[in-house]
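Listed below are the residues making up each chain.
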Amino acid sequence: MTDVADWEAECDCCGQVPTIRDMGMCAVCTFGEADAQQELINGEMQEFTQDGN
């Protein structure tokens, strides 16, 4: 699995780190707080593409 976290860039919306590569936003701004926290806890954060594959 490819690491999708970018620990150098700040979120375009809230300024937090890390961000999701290619999105420019942190997981909370991208997916919503509850979904992002649960996926990070479970280690389920996976790379995705704009077409959903």
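Notes on the structure in this doc start here. (Residues numbered from 1 in each chain as written. Predicted model: local features only at pLDDT ≥ 70, side-chain atom pairs only at ≥ 80, totals over all residues. Heavy atoms only, no water.)

1. Observations concerning the overall build of the chain
Condition: In this text, helices come from DSSP runs of H or I with a minimum length of four residues, and strands from runs of E with a minimum of two, each type numbered from the N-terminal end. Residues are treated as being in contact if the distance between any of their heavy atoms lies within 4.5 Å. Note on areas: these come from Shrake-Rupley sampling with a 1.4 Å probe, and a residue is covered only by the protein chains present in the view.
Counting its regular elements, the chain contains 2 helices and 2 strands. Each helix (α) and strand (β) of the chain, taken in turn from the N terminus, gives the series β-β-α-α. If you take every contact in the chain between residues at least 6 apart in sequence, the share linking residues at least 24 apart comes to 16%. Accessible surface for the chain amounts to roughly 4,000 Å². Of this, 45% is attributable to carbon and sulfur atoms.

2. Thoughts on the pattern of salt bridges
Heads up, the rule is: When a carboxyl oxygen of Asp or Glu lies within 4 Å of a side-chain nitrogen of Lys or Arg, that pair is called a salt bridge. Accessibility here uses a 1.4 Å probe with only protein chains present; expressed as a share of the type maximum, an area under 20% marks a residue as buried, one over 50% as exposed, and anything in between as partly exposed.
As enumerated under the stated definition, the model contains 1 salt bridge in all. Put simply, R21 and D6 hold a salt bridge, and the shortest N to O gap is 4.0 Å. Residue R21 is found in the loop between β2 (19-20) and α1 (27-31), and its partner D6 is found in strand β1 (residues 5-6); the two are separated by 15 residues along the sequence. The exposure class assigned to R21 is partly exposed, which follows from its relative accessible area of 43%. For D6, a relative accessible area of 19% puts it in the buried group.

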